[in-house]
Amino acid sequence: MLVASAAERNKDPILDVLKQHVDQSPGKKILEIASGTGQHALHIAQHYPNAIIQPSERNPRSLHSIVAYVDKYRLPNIRVPLFIDITKPPDFWNLTSDFAPSDVDVVLNINMIHISSNDAVDGLFSAAGLILKRGTGLLITYGPYKVDGVCRPQSNVDFDASLREQNPEWGLRDIAELKEKALYHRMELIKIHEMPANNHMLIFRRM
């Protein structure tokens, strides 16, 4: 199993915000896109015992790590991860029948947007608009962002520059830009939470 120190640090703050927006009613369907090591999916499954947690990844090493967590803890509410390439539409994902279009409660995406291609970011918002429940479904994202075109503090400025050096499509996205993408796909930004280490959680609701 892989262990990411950042995931250990931020899993409880992320869970605290999640609890403000997602109740514990039975049968909630939470799809995590780009689950990484699997630490977040496991942590959420432990604290949402009545929910169905579906992790996903496209990186083979990460998929193996998630499977290792699933096998070790054997929680009944977390499923074997799916291979999902977010640049492809949901028709390509092999989702189970209970994660049908317009029938998912939460799409969760942690620390992906700033290290993704434009197609991947567009794909995330497009897919969420298709699979979330109308009126109540939430797209929840976490990571570092620009705010109204401004990148701060200096550590985020430096981080943004280093990402763009690695790949010109990477870098901190502006929350205003993501808000526009959301509106195009029939979602609205309803809450911005400031998080530790100069990150934010964005809560979008399907209209």
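Above: the structure in question.
This structure is a prediction, so every number in the text was calculated from the model and none was measured.

1. Some words on the nonpolar core
Alright, step 1. One finds Ile33, Val107, Leu124, Phe125 and Leu139 to be the most contacted residues of the largest nonpolar core, which totals 27 residues.
Alright, step 2. The set of elements that each furnish at least two residues to this core consists of β1 (29–33), α4 (118–131), α6 (175–184) and β8 (199–206).
Alright, step 3. Per-element accounting of this core gives the leading share, 7 residues, to α4.
Alright, step 4. If we ignore the near neighbours within four places in the chain, the residues touching Ile33 are Ser56, Ile84, Ile86, Trp93, Val107, Leu108, Asn109, Ile110, Met112 and Leu124.

2. A look at α6
Alright, step 1. If you check which residues of α6 are buried, you get Ile175, Leu178, Lys181 and Ala182. One face of α6 carries all of its buried residues, which in axial projection span an arc of 115°. Structural note: α6 exposes Glu180 and Tyr184 on the side pointing more than 90 degrees away from its buried face.
Alright, step 2. Those residues of α6 hidden inside the fold are in contact with α4, β7 (187–195) and β8.

3. Here we look at the packing of helix α1 (residues 5–21) against helix α2 (residues 39–47)
Alright, step 1. The geometry of α1 relative to α2 is characterised by a closest axis approach of 10 Å and an angle of 45° between their N-to-C directions. In this view, α1 runs oblique relative to α2, as classed from their interaxial angle. Seen along the crossing, α1 lies across α2 with a hand that is right-handed. Between α1 and α2, the contacting residues are Ala7, Glu8, Asn10, Lys11, Asp12, Ile14, Leu15, Leu18 and Lys19 on the first element and Gln39, His40, His43, Ile44 and His47 on the second.
Alright, step 2. Within the contact of α1 with α2, the residues separate by chemical class into 5 nonpolar, 5 polar and 4 charged.

Rules used throughout
- Residues numbered from 1 in each chain as written.
- Predicted model: local features only at pLDDT ≥ 70, side-chain atom pairs only at ≥ 80, totals over all residues.
- Heavy atoms only, no water.
- Core = buried A, V, L, I, M, F, W, Y, C linked by side-chain atoms within 4.5 Å.
- Buried < 20%, exposed > 50% of the residue type's maximum accessible area, 1.4 Å probe, protein only.
- Helix = DSSP H or I, 4+ residues; strand = E, 2+ residues; numbered from the N terminus.
- Contact = heavy atoms within 4.5 Å.
- Arc of directions from axis to C-beta.
- Axes fitted to C-alpha atoms, helices over the stretch in contact; angles between N-to-C directions.
- Parallel < 35°, antiparallel > 145°, perpendicular 65-115°, else oblique.
- Left-handed = near helix turned anticlockwise from the far one by under 90°.
- Nonpolar A, V, L, I, M, F, W, Y, C, P; charged D, E, K, R; others polar.

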